Amino acid sequence: MTHARGGASGNSRARLAEAVRRRGVTDPGVLGAVGAVPRHLFVPQALAARAYDDAALPIGYGQNISQPSTQARCLEALRLSGSDRVLEIGTGSGYQTALLARLVAQVFSVERVPQLAEQARAAILAAGIANVSQLLGDGTLGWRDYAPYDAIVVAAASPEIPQPLLEQLAPGGRMLLPLGPRDNQVLTLVRLSGGRAVSTPLAGARFVPLLGTFGFDA
Ligand code: SAH
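Colleague: Please clarify how the pairing of strand β6 (residues 149-154) should be interpreted in this entry.
Modeller: In regular strands, side chains alternate between the two faces of the sheet. Most of β6 sits inside the fold, with five of its six residues counted as buried. Judged from the four bridges that link them, strand β3 (residues 85-89) and β6 form a sheet pairing that is parallel. Counterpart to Leu 87 in the pairing with β6 is Ile 152. Relative to strand β7 (residues 169-179), β6 runs parallel, the two being bridged by four bridges.

Here is the structure:
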């Protein structure tokens, strides 16, 4: 992808971080990540001029890069620490992957659309990020090889909590996912405490569907 004129400037990123802060995100680490990741590398070239708007944008294959303030809110809710190993389901553009990579030790990201996984790989490389491992496949099955994870973030709407993901969460681990039907969901924080999953609803949301064995039918 070619960079949009002006899109690469620290100014645009700082403005986006400020917009995210105005939407109520206060975590300095998360705001710092939004202020640092070059989002223009993760959106289609034709939309590069809008890369630093706090808006969802189409990334092809019927998928969207989510609104940055929504992604930031999800990351904030997970209370990530620098030593965490995190599983992400739905790499999409790779932008949220890049935010995560600045906040935690290692990111494991699963995507089912080969072309998106490939574009994300190129963008992550271009952004100079080295602590991301990607898998092409059905993320509702998780990624057993590297489990358990301190946190899991699901970037697509799920009718229920996929059982394999619960099994791959470390004791005390946190999972964030949009739960509900295809047309509207509730962003839900799930904490594993004493072997029990405790869910807290956070906010209404509208995500593309999680398609797979423990998600919606493809
Ligand atoms: N966080 C992304 C947005 C992702 S949109 C970003 O910042 O761009 C949701 C993504 O989930 C889409 O790319 C979609 O292809 C993917 N997806 C849907 N079902 C999936 C599944 N079962 N496993 C892995 N990825 C899935």
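Colleague: How should the layout of surface pockets be read in this particular structure?
Modeller: To find leftover empty space, a probe the size of one water molecule is rolled over the atoms. If you add up the space inside the largest pocket, you get close to 550 Å³. Taken together, 39 residues line the largest pocket, and the ones lying closest to its centre are Asn 64, Ala 155, Ala 156, Phe 207 and Val 208. The set of elements that each furnish at least two residues to the lining of the largest pocket consists of β2 (63-65), α3 (68-77), β3, α4 (95-103), β4 (106-111) and β9 (196-205). Looking at the lining of the largest pocket residue by residue, the class counts come to 18 nonpolar, 15 polar and six charged.

Colleague: Is there a simple way to explain the site of the ligand in this structure?
Modeller: Within the structure, the ligand sits among 25 residues, and Gln 71, Ser 93, Glu 111, Gly 139 and Leu 211 are positioned closest to it. The side chain of Ser 93 places a nitrogen or oxygen atom 2.6 Å from an oxygen atom of the ligand. Between the ligand and the protein, one listed contact pairs a nitrogen atom with a backbone N or O atom of Gly 139 at 2.7 Å. For the ligand, the accessible surface in isolation is 580 Å², of which the surrounding protein chains cover 99%. When atoms are counted within 2 Å of each cavity's grid points, the one that captures over half of the ligand is the largest pocket. Those elements giving two or more residues to the shell around the ligand turn out to be β2, α4 and β4. It is β2 that contributes the most residues to the shell around the ligand, three residues altogether. Each residue belonging to the shell around the ligand can be placed in one class, and the counts come to ten nonpolar, twelve polar and three charged.

Colleague: Explanation requested: the environment of Val 113 in the structure shown.
Modeller: Relative to the helices and strands, Val 113 is located in the loop between β4 and α5 (114-126). Taking the C-alpha atoms as reference, Val 113 lies 11 Å from Leu 135; in sequence the two are 22 residues apart. Filtering out sequence-adjacent residues up to four positions away, Val 113 remains in contact with Tyr 61 and Leu 136.

Colleague: Looking at this model, I keep getting lost on empty space enclosed by the protein. Mind explaining?
Modeller: This structure, assessed with the given rule, holds one cavity of 30 Å³ or more. One number sums up the size of the largest cavity: a volume of about 40 Å³. Lining the largest cavity are Ser 66, Gln 71, Cys 74, Gln 96, Val 154, Ala 155 and Phe 207. When grouped by side-chain class, the residues that make up the lining of the largest cavity number four nonpolar, three polar and no charged.

The rules behind these values
Residues numbered from 1 in each chain as written. Predicted model: local features only at pLDDT ≥ 70, side-chain atom pairs only at ≥ 80, totals over all residues. Heavy atoms only, no water. Buried < 20%, exposed > 50% of the residue type's maximum accessible area, 1.4 Å probe, protein only. Helix = DSSP H or I, 4+ residues; strand = E, 2+ residues; numbered from the N terminus. Pairing = 2+ DSSP bridges. 1 Å grid on protein atoms, 1.4 Å probe; cavity = no way out; pocket = protein on both sides within 12 Å on 5 of 7 lines; lining within 4 Å. Points joined across faces, edges and corners; volume = space filled by probe spheres on them. Nonpolar A, V, L, I, M, F, W, Y, C, P; charged D, E, K, R; others polar. Near = heavy atom within 4 Å. Polar contact = N/O pair within 3.5 Å; in protein donor to acceptor, adjacent residues only side chain to side chain. Areas by Shrake-Rupley, 256 points an atom, 1.4 Å probe, with all protein chains shown as cover. Sits in = over half its atoms within 2 Å of the grid points. Contact = heavy atoms within 4.5 Å.

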